[in-house]
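# Structural overview
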Amino acid sequence: MNSLAGLLPVIVFLAIALAIAVVARRRGERASSGGFIAEYFIGSRSLGPFVLAMTTIATYGSVSSFVGGPGQAWNVGFGWVYMAAVQVTALFLLYGIMGKKMALVSRKLGAVTVVDVIRARYHSNLLANLSALIIVVFFSATMVAQFVGGAKLFSAVTGYSYVAGLLIFGGAVVVFTTIGGFRGVAFTDALCGIAMLVGIVVLAAGILTAGGGYTAIMDTIQANHPEMMKPFADGKMPLSLYFTQWLLVGIFTFCLPQSVVRCMGYKDTRALRHAMTSGTVIIGAMMIGVTALGTLSAGVLTGDLAEYGGSVDNIIPQTIIRCLPTWLAGIAIVGPIAASISTVSSLLIASSSAFIKDLWMHRAQQMGRSIPDTTLARASQCITLALGAIVFVLAIVPPDVIWKINMFAFGGLETAFCWVLLGALFWRRTTKQGALASMIGGTLAYCVCMAAGFKVAGLHQIVIGLSVAFVLMVGVSLLTSSRARAHENTLQRTTSHTVPRKIPDKRSDTASAQASGTKPTQVPDSVQEIFFPDKPAVLR
């Protein structure tokens, strides 16, 4: 139908997002004292509670949360909603497990990426480079799915072509991510989170109106598909699926690098506490709500899947078209498009940091060269733009099922980083050999089993990947820990080359401390003391 009324809300939203990214970047440059890299990739660690909560939610809530997931709920019923309820724990686990420790460690190390922390903890360039490679590969797969999902939805609702949708919103997200950096992404993520909530409310009103109200919709579902009212949906939702999906999209999402890096960018413990409480409420309402709308849409779209293109990814676009007038449909699609944008922008900036900070800058430091901020700025923006262009090209020929690509990438990242990050932060005996074995062995086991379709007891391959990674981490670490401790003793004399730290003048430090009423700062003697201090550290 090529509707301008449906297109206009999307264009307005993208223009506002671009303006916010530009303003946030300029203000950040004026306020930042930590140099370009700290500002561009971590926002100078200045996020407040609202922006922290919303950027984490928006990064977590991808287009599959608004298209693929609700489409599955239309097909399966309320069992899929009960499965999705585990997502309410995502922020609570992330901030509770990683939040404080990652913030403390990254500040002491001067780290701005997750790979920085891994490199410092394990003293392994091989592990750090492998981590960066895994991040780029799985992030790219996720970004392709986001581009495809957003463009398909745009095309279905507005009537413009798939490629036109890809050009409009894909081009916009690449541009404002390139310009805005981490701070711009965080603030536009907050806008995207608000847009998601608005989209859910508008779609809910449309479904309830078109279906004749909640009671009428439930009666229709009961009459046509009574199995959709049951938790196990007459076999469509076996207990094994509940268990593995709870692991995949709930419990183990705390170790996703794109979420963990948010724990390095907040201002203080107050921001963390308030983000944890408010974010948990918002993500619960958002993820459970939008999935429930997928089930309720079965009271409006009562035909077979073949009537809607044969793919569950078409259900929500068809629901929007069927239930809403054109101008409201344009507002409704802003929500899922915002979900796509927020995920792509976060993954783009993280992928760019993998190339610039984790590979190029580290190599330059090894060679004793310094790179000017102006060169870093140009290179970072060029890499971000280039990565976005590559993903854009890959998305021109779209894959079929978006949510499966997302789940594959989630599983790969969780398998690779779960035990490596937990061991780095919480288990002193973890060694670089154990971390390497865990990351390589677990990720290979997961990918091979996914490719072969191999499962154990009907459980998703994430169980195999995480189990193999855990066994290798513990087993190899225990076998090599004694040798690693001996090696650590020799490293204590050379940690100044690994950990950026200021050697204090005791007299001036004591004098300034007495003047401010505080104790002199104690500088750790080794990386191990940063990760495992004798006394609990305090983050103010």
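Further up the page is the structure itself.
None of the values given here were measured: they were computed from a predicted structure.

The rules behind each value
- Residues numbered from 1 in each chain as written.
- Predicted model: local features only at pLDDT ≥ 70, side-chain atom pairs only at ≥ 80, totals over all residues.
- Heavy atoms only, no water.
- 1 Å grid on protein atoms, 1.4 Å probe; cavity = no way out; pocket = protein on both sides within 12 Å on 5 of 7 lines; lining within 4 Å.
- Points joined across faces, edges and corners; volume = space filled by probe spheres on them.
- Helix = DSSP H or I, 4+ residues; strand = E, 2+ residues; numbered from the N terminus.
- Nonpolar A, V, L, I, M, F, W, Y, C, P; charged D, E, K, R; others polar.
- Contact = heavy atoms within 4.5 Å.
- Patch = residues over 30% accessible without salt bridge, like charges linked within 9 Å, V, L, I, M, F, W, Y side chains within 5 Å.
- Areas by Shrake-Rupley, 256 points an atom, 1.4 Å probe, with all protein chains shown as cover.
- Salt bridge = Lys/Arg side-chain N within 4 Å of Asp/Glu carboxyl O.
- Buried < 20%, exposed > 50% of the residue type's maximum accessible area, 1.4 Å probe, protein only.
- Polar contact = N/O pair within 3.5 Å; in protein donor to acceptor, adjacent residues only side chain to side chain.

### Describing empty space enclosed by the protein
By the definition in use, this model includes four cavities of 30 Å³ or more. A volume near 230 Å³ is recorded for the largest cavity. Around the largest cavity, the lining comprises 19 residues; the ones closest to its centre are S65, G69, Q87, V249 and M407. When residues of the lining of the largest cavity are traced back to their parent elements, those giving at least two are helix 4 (63-66), helix 5 (68-76), helix 6 (78-84), helix 12 (239-249), helix 14 (269-296) and helix 18 (402-426). Per-element tally for the lining of the largest cavity: the top contributor is helix 18, with four residues. Grouping the amino acids of the lining of the largest cavity by side-chain chemistry returns 11 nonpolar, eight polar and no charged.

### A closer look at the environment of I282
Along the chain, I282 falls in helix 14. In this structure the C-alpha to C-alpha distance between I282 and G193, which are 89 residues apart in sequence, comes to 9.3 Å. Once you skip the residues sitting within four places of it in the chain, I282 turns out to touch M54, I57 and L197.

### Regarding a nonpolar patch on the surface
Nonpolar side chains collect at one region of the surface, where V163, L167, V393, I396 and V397 lie side by side and expose about 450 Å² of accessible area between them. Residue V393 is classed as exposed on the basis of its relative accessible area, which comes to 53%.

### A short note on unusual backbone geometry
The residue D234 is not glycine, and still its phi comes out positive at about 50°. Checked against the element boundaries, D234 lands in the loop between helix 11 (214-224) and helix 12. Take D234: its relative accessible area is 57%, and that puts it in the exposed class. The phi dihedral of A457 falls on the positive side, at around 55°, and the residue is not glycine. Its place among the elements puts A457 in the loop between helix 19 (432-452) and helix 20 (461-491). On the accessibility criterion, A457 (68% relative accessible area) is exposed.

### Description of the side chain of T295
Mapped onto the elements, T295 comes out in helix 14. The class of T295 is buried, set by a relative accessible area of 0%. At 3.4 Å, the side chain of T295 and the backbone oxygen of A73 are in polar contact. Residues in contact with T295, not counting those within four places in the same chain, are A73, W74, G77, F78, V81, I221 and M228.

### A look at the environment of A469
Relative to the helices and strands, A469 resides in helix 20. Between the C-alpha atoms of A469 and Y446, which are 23 residues apart in sequence, the distance is 9.4 Å. Every residue in contact with A469, bar those within four places of it in the chain, is listed here: T415, W419, S438 and G442.

### Observations regarding the pattern of salt bridges
Summed over all chains, the structure comprises three salt bridges. Where K357 meets D116, a salt bridge forms, and the shortest distance between an N and an O atom there is 3.1 Å. Of the two residues, K357 is situated in helix 16 (residues 326-366) and D116 in helix 8 (residues 114-122); the sequence distance between them amounts to 241 residues. Judged on exposure class, the residue K357 and its partner D116 are both buried.

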